[in-house]
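Summary of the model geometry
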Amino acid sequence: MQLRTLILAAGRGTRMRSSLPKVLQPLAGRPLLEHVIDVAEDLEPIGVHVVYGFGGDHVMKAMEHRKVEWHEQADQLGTGHAVNQAMGAVHDDDVVLVLYGDVPLIQEETLQQLVHLAGESALALLTVKLNNPYGYGRIVRDARGHVLSIVEEKDTSEEQRDINEVNTGVLACKGGLLRRWINALENNNSQGEYYLTDVVALAVAANVPVHAFVTANAEEAFGINDKKHLAEAEAMYRKRVTDQLLIQGVTLVDPLRVDVRGDLACGQDVYIDTNVTFIGKVKLGDGVHVGPNCVIRDTQIEDGTVIHPNCVIEEAHFGPRCQIGPFARVRPQTYLGSQVKLGNFVEVKKSNIAKGSKVSHLSYVGDTTMGEGCNLGAGTITCNYDGVNKHKTKINAGVFVGSGTQLVAPVEVGEGAFIGAGSVITKDAPAGKLSIGRGRQVTIEDWKKPQKNK
Ligand code: UD1
Ligand code: MG
């Protein structure tokens, strides 16, 4: 059996009231459509097809790193019409699985069951029972429980409105069958659209078995049409992720106040305080402690390192048992050895800092390599930019830099050197010596305090 997945993503998403196409609205930091492409790919189909339309250029650009085939739906004439735009790429013998770009929490296992249920000759539908079915297409069954049709919210009779089994939008069947029904769709309904959902009645009329698979997990079927839905989906997604972390043994002080927008891998005894956001690929070693209000993106943190409150950390690698923050800003390409300390109001960018070195207060370290056991005093600044180019600073092992020093790059401070406080170092400072680069202090003996003019 050859499987093709077909994702509908052409709709405007009017109810979002946004200039951003609906399928690009972010869920856990990534476009809705990308979540659906992920699950579609997990099924290992021979092709993932996406029907695009509203904001199409924008949608394709946002997904250009994904391997999908694009099909344009120039006018959004309904979900059935959308499917038709991709039918040229579908062979009669393929099994087609239709997914909606606005139903992002759907799970692989469920889809596999659905494809299995469709088999060679049936139409398989994914349905769900909801306490509040408002807005969804209703599954109409006969007295014996056989599915007869799907009726859209706007086309329901008063009786049908009470049906609480709804269409998730996901269906699967052979390409040949789908083609026949799609070609027969009509748009004589309240919205004047070609509804994909009408294939159900066509299948029934053609005596093709319709199998509805009722999923017990309502959130999988959650369709996102407005910002309220989007926020609800975010909460569902968060719970999914935090449940997993808790089961793994991670301490989350409050699972409602942790966001994982990407992949978070944790060792044993990791502790995560409130209001922490992880973005991209983040790896935390054993015993890592993350204080409140931190944002950590694409970073690896080794065993026993403590991130104090209010740190922003991007594309960094910290060795074991470092102490970071509070209020540290760590920018891309920062590599710290073990037991490094970055204190409050310290910014580090594109730098290597070796074992045991300390930058404790109010400093900027950029384009720098620092050896082991250095101590930078409060307010040390590497002047790495001359207004045109960036230059490097090298600080060798065991250096002590007095407070308020500016190291004007390119410059090197030799091993074990001391720099006097308040220095502006423009020349290399030799190893093992004290260098001072500041005006000498003088006292004006005959100075008189100025008097106010009469
Ligand atoms: C649809 C279903 C409804 C189901 C619900 C589940 C139809 C007619 N209705 O309603 O039975 O309960 O989803 O969430 O299918 N799209 C296109 N081209 C179009 C129209 C829509 O690509 O011309 C895409 C949208 O981008 C979206 C998906 O199809 O990803 C569903 O469209 P939407 O307008 O959200 O349909 P619903 O009203 O939610
Ligand atoms: Mg929808």
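Our subject in this report is the structure included herewith. Keep in mind the model is a prediction, meaning the values are calculated, not measured.

**Considerations on the overall build of the chain**
Summing up its helical and strand segments, the chain has eight helices and 39 strands in all. A compact globule built from 454 residues should have a C-alpha radius of gyration of about 22 Å, whereas the chain, at 31 Å, is more than 25% larger. Once the C-alpha set of the chain is aligned to its principal axes, its extents read approximately 105 × 60 × 45 Å. Residues classed as buried in the chain amount to 48% of the 454 residues present. Considering only intrachain contacts with a sequence separation of at least 6, the fraction spanning at least 24 residues in the chain is 40%. Total accessible area computed for the chain in this model is approximately 22,100 Å², and 49% of it derives from carbon and sulfur atoms. For the chain, the separation between the mean place of its 47 positive charges and that of its 54 negative charges on side chains is 12 Å.

**Considerations on the site of ligand 1**
What surrounds ligand 1 is a group of 25 residues, the closest being Q73, T79, Y100, E152 and N167. Here G78 contributes a backbone N or O atom positioned 2.8 Å from an oxygen atom of ligand 1. Between E152 and ligand 1, the recorded distance is 2.7 Å, taken from a side-chain N or O atom to an oxygen atom. Contact with the protein chains removes 91% of the 760 Å² of surface that ligand 1 exposes when unbound. A breakdown of the residues in the shell around ligand 1 according to their chemical character gives nine nonpolar, 12 polar and four charged.

**Here we look at the nonpolar core**
Judged by nonpolar contacts, the single largest core of 64 residues is most densely connected at I272, F278, L284, F318, I324 and L342. Where this core is concerned, the elements lending two or more residues are α8 (227–248), β13 (258–266), β15 (276–284), β21 (316–318), β23 (328–330), β26 (346–349) and β36 (411–413). Considering each element in turn, this core owes the most residues, five residues, to α8. Taken together, domain 1 (3–221) and domain 2 (238–435) each give at least three residues to this core, which thus spans both. Among all residues touching F278, those that are not within four sequence positions of it are V258, D259, V260, R261, L264, I272, L284 and I296. A86, C173, V199 and A203 belong to the second largest nonpolar core, which has 31 residues in total.

**Thoughts on the side chain of S351**
Within the fold, S351 resides in strand β27 (residues 351–353). Only 2.7 Å separates the side chain of S351 from the backbone oxygen of K349, close enough to count as a polar contact. Those residues within four positions of S351 in sequence are excluded, and the remaining contacts are Q333, T334, Y335, V365, G366, D367 and T368.

**A closer look at the coordination of the magnesium ion (ligand 2)**
Here the magnesium ion (ligand 2) is held by the protein donor atoms D102 (OD) and N225 (OD1), which lie 2.2 to 2.3 Å from it. Highlighted residues: D102 in the loop between β6 (95–100) and α4 (108–118) and N225 in the loop between β11 (210–215) and α8, separated in sequence by 123 residues.

Rules behind the numbers
In this convention, every chain numbers its residues from 1, walking through the sequence in written order. Here every chain gets a letter starting at A, and every ligand a number starting at 1, in the order they are written. Local features are withheld for residues below a pLDDT of 70 in this predicted model, meaning they are given only at 70 or higher, and side-chain atom pairs are given and counted only at 80 or more; totals for whole chains, interfaces and linings count all residues. As a rule here, side-chain values come from all non-hydrogen atoms in the structure, and water together with hydrogens is ignored. Numbering of helices and strands runs from the N terminus, with a helix taken as a DSSP run of H or I at least four residues long and a strand as a DSSP run of E at least two residues long. As a reference, a globule follows 2.2 Å times the number of residues to the power 0.38, and the radius of gyration itself is taken over C-alpha atoms. Summary of the burial criterion: residues with accessible area below 20% of their type's maximum are buried, those above 50% are exposed, and those between are partly exposed, where the area comes from a 1.4 Å probe applied to protein chains only. The criterion used for residue contact is that any of the two residues' heavy atoms lie within 4.5 Å. A 1.4 Å probe and the Shrake-Rupley method give the accessible areas. Residues count as covered only by the protein chains that appear here. Charged residues are defined here as Lys and Arg on the positive side and Asp and Glu on the negative side; His and the ends of the chain fall outside this count. A charged residue contributes its charge at one atom only: NZ of Lys, CZ of Arg, CG of Asp or CD of Glu. Proximity criterion: a residue is near a molecule or strand once any of its heavy atoms comes within 4 Å of it. Contacts described as polar in this section are N or O atom pairs within 3.5 Å, which, within protein, must combine one atom able to donate a hydrogen with one able to accept it, while residues neighboring in sequence count only if both atoms come from side chains. In this classification, the charged set is Asp, Glu, Lys and Arg, the nonpolar set is Ala, Val, Leu, Ile, Met, Phe, Trp, Tyr, Cys and Pro, and all remaining amino acids, among them Gly, are polar. Each nonpolar core is a collection of buried residues, namely Ala, Val, Leu, Ile, Met, Phe, Trp, Tyr and Cys, held together in the definition by side-chain atoms within 4.5 Å. The domain boundaries here were taken from an automatic or database domain assignment. Donor selection uses N, O and S atoms within 2.8 Å of the metal (3.2 Å for Na, K and Ca). Since no water is included, sites may look incomplete.

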